[in-house]
Amino acid sequence: MREAYTFTKKSQINVVFNQKTEKSSATPFPIDERVTHEPLEKLESKLDRLVGMEEIKYMVRELYAWLYIYRKREEAQLKVQKQSFHMLFKGNPGTGKTTVARLLSDLFREMEILPKGHLIEAERADLVGEYIGQTAQKTRDLVKRSLGGVLFVDEAYSLSRGGEKDFGKEAIDTLVKQMEDHKDEFILILAGYSDEMDDFLRMNPGLPSRFPMILSFPDYSGMELLDIAKQMIRDREYSMTAEAQKKLFRLLQHKIASNEPHFSNGRYVRNVIEKMIRQQAVRLVRENSFDRDALLTLRACDLTLEDGSLISKADEA
Ligand SMILES: Nc1ncnc2c1ncn2[C@@H]1O[C@H](COP(=O)(O)OP(=O)(O)O)[C@@H](O)[C@H]1O
Ligand SMILES: [Mg+2]
């Protein structure tokens, strides 16, 4: 079940444990008396806000425990296994990859694994240049800006789409070289659709062993998408009528059932909510109703559907 978390994968655990171990005196991390569970409390409050994602939450908590014990072993002058934290994120758009990358960069900063813990989001165009020599330079510059933090490369599979002659290949080679030259100085996360990422790894056989953690971000269920919607609405200080919720749920279920390739999950929900908010504004201006209750409430009629067949009379209330 939990194969998303790669520590359970034998081949990769070997890679990790085959790395040389060092006594704490040689570790790059300063021993800090102040390490408390405060980072865990912060982490938990962020995880609590995320709907579903049980496997990822499990993995993040396990990572916290692992980092904490790492520190404790250092303090006790016990051997610690040096480990890199580069990761692969697989999943459709809107499944929370960027959200989790941000949460992890904060965690790595709070655990003093990374001094800055900033997150730089990049995609193919930020790494690949138009003429020979430009790509290596662009990629190196990007890594340089990421030092002390996390470099998140979205749709990473697109780097090897163009084959051998494409500059994307040069970007991958440069990234690999930079991972070696700047060991422990930044964390690289490569993200993209599951199938494309699997192909990408097959085409770059040197890569998988460099990424000890692989996280899968599954699509959300209709109920989870509705919970995400409710949370987004609460965050924006709005509320939904029961009819609006029902209508939205039907829309979400319809979307899921229609099996669109690369359905954009949380991002789709966000777009729908933002559109509802605009529709509500138009309605309120038209109705001339600006009392607090009216300002707060999103009604079923504020949700316009692309597919009219989903609308029933009850929703129009
Ligand atoms: N589990 C979740 N709980 C609450 N909101 C979520 C969740 N997953 C995604 N979202 C929201 O959906 C939107 C897209 O998420 P994002 O992390 O950008 O996805 P990705 O990077 O995979 O495309 C964001 O507004 C995010 O806050
Ligand atoms: Mg993203």
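We now turn to the structure provided with this report.

The rules behind the values
Residues numbered from 1 in each chain as written. Chains lettered and ligands numbered in written order. Predicted model: local features only at pLDDT ≥ 70, side-chain atom pairs only at ≥ 80, totals over all residues. Heavy atoms only, no water. Near = heavy atom within 4 Å. Polar contact = N/O pair within 3.5 Å; in protein donor to acceptor, adjacent residues only side chain to side chain. Areas by Shrake-Rupley, 256 points an atom, 1.4 Å probe, with all protein chains shown as cover. 1 Å grid on protein atoms, 1.4 Å probe; cavity = no way out; pocket = protein on both sides within 12 Å on 5 of 7 lines; lining within 4 Å. Sits in = over half its atoms within 2 Å of the grid points. Helix = DSSP H or I, 4+ residues; strand = E, 2+ residues; numbered from the N terminus. Points joined across faces, edges and corners; volume = space filled by probe spheres on them. Nonpolar A, V, L, I, M, F, W, Y, C, P; charged D, E, K, R; others polar. Domains from an automatic or database assignment. Buried < 20%, exposed > 50% of the residue type's maximum accessible area, 1.4 Å probe, protein only. Arc of directions from axis to C-beta. Contact = heavy atoms within 4.5 Å. Pairing = 2+ DSSP bridges. Axes fitted to C-alpha atoms, helices over the stretch in contact; angles between N-to-C directions. Parallel < 35°, antiparallel > 145°, perpendicular 65-115°, else oblique. Left-handed = near helix turned anticlockwise from the far one by under 90°.

## Observations concerning the site of ligand 1
Consideration 1: Gly94, Thr98, Thr99, Tyr220 and Arg267 are the nearest of the 18 residues found near ligand 1.
Consideration 2: At 2.8 Å from a nitrogen atom of ligand 1 is found a main-chain nitrogen or oxygen belonging to valine 51.
Consideration 3: The side chain of lysine 97 places a nitrogen or oxygen atom 2.9 Å from an oxygen atom of ligand 1.
Consideration 4: Considered on its own, ligand 1 offers 550 Å² of accessible surface; in the complex 88% of this is hidden by protein.
Consideration 5: The site holding ligand 1 turns out to be the largest pocket.
Consideration 6: Going through the elements one at a time, helix 4 (97-110), helix 9 (222-235) and helix 11 (265-287) are the ones with two or more residues in the shell around ligand 1.

## Some thoughts on the layout of surface pockets
Consideration 1: For the largest pocket, the calculated volume is near 880 Å³.
Consideration 2: The wall of the largest pocket is formed by 33 residues, among which Gly94, Gly96, Lys97, Thr99 and Arg270 lie closest to the centre.
Consideration 3: Where the lining of the largest pocket is concerned, the elements lending two or more residues are helix 4, helix 9 and helix 11.
Consideration 4: Of the residues belonging to the lining of the largest pocket, the class tally is 10 nonpolar, 10 polar and 13 charged.
Consideration 5: For the lining of the largest pocket, the domains that each give at least three residues are domain 1 (6-217) and domain 2 (222-316).

## Some details on helix 8 (residues 194-203)
Consideration 1: Among the residues of helix 8, those classed as buried are Met197, Phe200 and Leu201. Down the axis of helix 8, the sector holding all buried residues measures 95 degrees, keeping them to one side. Across from the buried face of helix 8, at angles greater than 90 degrees, the exposed residues are Asp195, Arg202 and Met203.
Consideration 2: Contacts from the buried residues of helix 8 go to strand 3 (87-91), helix 7 (167-181) and strand 6 (187-192).

## Here's the deal with the sheet that holds strand 7 (residues 213-217)
Consideration 1: With parallel pairing, the 5 strands of this open sheet are ordered in space as 4-5-6-3-7. Across the chains shown, the open sheet's two edge strands, defined by having one partner strand only, are strand 4 (119-122) and strand 7. Geometrically, the sheet is characterised by an average inter-axis angle of 20 degrees between neighbouring strands, direction not taken into account.
Consideration 2: Where helix 4 meets the sheet, its contacts fall on strand 3, strand 4, strand 5 (150-153), strand 6 and strand 7, and the angle it forms with strand 3 comes to roughly 155 degrees.
Consideration 3: Lying over the sheet, helix 8 contacts strand 3 and strand 6, oriented at roughly 140 degrees with respect to strand 3.

## A short note on the packing of helix 9 against helix 10 (residues 242-257)
Consideration 1: Viewed as axis vectors pointing N to C, helix 9 and helix 10 meet at an angle of 135 degrees, and their least axial separation amounts to 9 Å. Here helix 9 lies oblique to helix 10, going by the angle between them. Of the two elements, helix 9 crosses helix 10, and the hand of that crossing is right-handed. On helix 10, the residues that touch Gly222, Met223, Leu225, Leu226, Ala229 and Lys230 of helix 9 are Gln245, Leu248, Phe249, Leu252 and Ile256.
Consideration 2: Residue composition of the contact of helix 9 with helix 10, grouped by class: 8 nonpolar, 2 polar and 1 charged.

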